[in-house]
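Topology and contacts: notes
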Amino acid sequence: MPKRLTTRTAVEKTVHQALRDQPIVDMHTHLYPPTFGTPVPNRTGKTDRDGLMLWGLDELLTYHYLVSEVYRVVPAHSRKGGLAYEEFWKLSKQQQAEHIWKHLFVERAPVSEACRGVLTCLELLGLEVGKNKDLGKLRKWFAQQDPSKYIDKVMKISNVESITMTNPVFDDNERERWLKGAELLRGDPRFKSVLRIDPILRDWPKAAKKLTEWGFNAGDGKTLTQKNIEEGQRFLREWLDRQEAIYMALSLPPEFRYPAESGEAADKAGQMALEKIILPVAAERGLPFAMMIGSKMRVNPALRDAGDMVGKSDVQAVVRLCAEFPKNKFFVTLLARENQHELCVAARKFGNLMIFGCWWFLNNPVLIEEITRMRLELLGTSMIPQHSDSRVLDQLLYKWQHSRVIIGRVLADKFTDIVDTGWPVTDEEVKQDINRLFRGNFLEFLAR
Ligand SMILES: [Zn+2]
């Protein structure tokens, strides 16, 4: 029997419980199963230097969020423990982790969200880091793990039911693995793949050259004949099948415009490839096309992955795409806080637009709370409040734990607001909407 909730306390209790019980389908990560190899020492004794499955303490500590943070407290040219960038990159992963641990965790309080995230991971794994800050001891614990069983453990603790990968077909290391590996094709039921195709839109001349090398007659990258279009489409279909991909995706810089404004040949060619190759194949297969817009690459190149920045994007480009391609479905997430309101309003206008997540520089409690409130107020529960964007498996632990608390707080407020009007709300309805937010909306949009 559904139970009617009449007080704030009853709402809070129900929301809290429902969030704890709700399995999560994480719609966008950069995680991999063990069949893609792991460079991390583990009990199976099998490591692969270029392996793609990242997990464990040293990967957590050397994640690029923390690299940029350590360079704030000991800048490259500081006389007190500063390391020139090239010196840092020459260190082993363990040495890099030690440098970060010393400066961000031991010598000052690790209060930033990225630092706190590492502590939450260790806490949820039962490692009691407060009692012992010795990295050696912690490392031993991680080295005892079997990668595949460790995935089960992390998924169980974080209550993640399914992990969506991102599989960039223009990355040679990964591409070769797909071409070689029959075991990758059969897949791992815990993981789903996503065909990631950035160069097709961002640098069509380069993509066309690659496609031609790989046996698809995509032309010279400047013009697009009917034959080139067909070959580009054949390439996408072949890879969608190979990966059994559930959608296609790419990331775009803040300067992305649709239609292209720059007059640059490469931008015009990219637009053609989008209109003639990507979107028709996505529509024919009924697959969404995901755009993650707003990261400005390498404003400080010496920091490598840690050197990227945010910039304001053009929401009207998203609006035009949704309007001009009504048969396509779009997943969109924007990196700039300043774009969030306009994007919510855009989503009110287009049923083929599903907005999702708070990633990277938005993955901070203050912004997740603000953005989730705004989305609920403008869109109700017809959106996907969060994805983890984890690159290191263990990050699932902290990202979902932190987000659950914040989203729970916002939901409790919103349900209490309607209870206060006298509208009947039951525990079943709360559970149903929480299921939509963390799982159902994504699956339903894929199936639509
Ligand atoms: Zn991502």
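Residues numbered from 1 in each chain as written. Predicted model: local features only at pLDDT ≥ 70, side-chain atom pairs only at ≥ 80, totals over all residues.

1. Details of the nonpolar core
One finds Tyr247, Met248, Ile278, Met291 and Val332 to be the most contacted residues of the largest nonpolar core, which totals 120 residues. Broken down by element, the residue count for this core peaks at ten residues, all from helix H18 (residues 395-419). When residues of this core are assigned to domains, at least three fall in each of domain 1 (4-35 + 158-447) and domain 2 (57-143). Dropping the residues within four chain positions of it, Met291 is found in contact with Leu250, Leu252, Phe330 and Val332. (Core = buried A, V, L, I, M, F, W, Y, C linked by C-beta atoms within 7 Å. Buried ≥ 20, exposed ≤ 12 C-beta atoms within 10 Å, placed from the backbone. Helix = DSSP H or I, 4+ residues; strand = E, 2+ residues; numbered from the N terminus. Domains from an automatic or database assignment. Contact = placed C-beta atoms within 7 Å.)

2. Observations regarding the domain arrangement of the protein
Segmenting the protein into domains produces domain 1 (4-35 + 158-447) and domain 2 (57-143). When each unit is reduced to the centre of its C-alpha atoms, the spacing between domain 1 and domain 2 is 29 Å. Counting residues at the interface gives 15 residues for domain 1, matched by 13 residues for domain 2. The residue makeup of the side of domain 1 that touches domain 2, split by class, is seven nonpolar, five polar and three charged. (Nonpolar A, V, L, I, M, F, W, Y, C, P; charged D, E, K, R; others polar.)

3. Points about helix H6 (residues 113-124)
With twelve residues, H6 ought to run about 16 Å at 1.5 Å a step, and its terminal C-alpha atoms sit 16 Å apart, in line with that. Within the sequence span of H6, burial applies to Glu113, Ala114, Gly117, Val118, Cys121 and Leu122. Residues of H6 that are buried in the fold lie against helix H2 (57-61), helix H3 (64-73), helix H17 (365-379) and H18. Phi for Gly126, located one or two positions after H6, is positive at around 80°. (Expected span 1.5 Å × (residues − 1).)

4. Comments concerning the pairing of strand S8 (residues 289-293)
Of all five residues in S8, five are buried, a share of seventy percent or more. On S8, burial covers both faces: Phe289, Met291 and Ile293 on one face and Ala290 and Met292 on the other are all buried. Of the pairings in the sheet, the one linking strand S7 (residues 248-252) to S8 comprises five bridges and is parallel in character. For Ser251, the partnering residue across the bridge sits in S8 and is Met292. On the question of chirality, the crossover connecting S7 to the parallel S8 by way of helix H14 (residues 265-285) is right-handed. (Pairing = 2+ DSSP bridges. Right-handed = clockwise from strand over helix to strand, strands pointing away.)

5. Some words on unusual backbone geometry
Among all residues save glycine, negative phi is the norm, and among peptide bonds the norm is trans. Residue Tyr258 is joined to Pro259 through a cis peptide bond whose omega torsion reads -5°. Along the chain, Pro259 turns up in the loop between S7 and H14. Of note in the backbone geometry, Glu128 takes a positive phi value of approximately 45° without being a glycine.

6. Points about the confidence of the model for the protein
Overall, the prediction assigns the protein a mean pLDDT of 96, with 100% of residues at 70 or greater. Looking over the protein, one finds the lowest element-wise mean pLDDT in helix H10 (residues 182-186), namely 68, and the highest in strand S11 (residues 330-334), namely 99. (pLDDT = per-residue confidence, 0-100.)

7. Let's talk about the packing of H3 against helix H5 (residues 93-106)
Two elements in contact, H3 and H5, have axes whose closest approach is 10 Å; the angle formed by their N-to-C orientations is 60°. One way to sum up the angle between H3 and H5 is to call them oblique. As H3 packs across H5, the resulting crossing turns out to be left-handed. Taken together, the residues of H5 that come into contact with H3 (itself represented by Leu66, Glu69, Val70 and Val73) are His99, Ile100, His103 and Leu104. When grouped by side-chain class, the residues that make up the contact of H3 with H5 number five nonpolar, two polar and one charged. (Axes fitted to C-alpha atoms, helices over the stretch in contact; angles between N-to-C directions. Parallel < 35°, antiparallel > 145°, perpendicular 65-115°, else oblique. Left-handed = near helix turned anticlockwise from the far one by under 90°.)

8. Some words on the packing of helix H13 (residues 226-243) against H14
The N-to-C vectors of H13 and H14 enclose an angle of 40°; their axes lie 9 Å apart at closest approach. With respect to H14, the axis of H13 lies oblique. The handedness of the crossing between H13 and H14 comes out as right-handed. Residue-level contacts link Ile229, Gly232, Gln233, Leu236, Arg237 and Leu240 of H13 to Ala273, Lys276, Ile277, Pro280, Val281 and Arg285 of H14. Taken together, the residues that form the contact of H13 with H14 break down as seven nonpolar, two polar and three charged.

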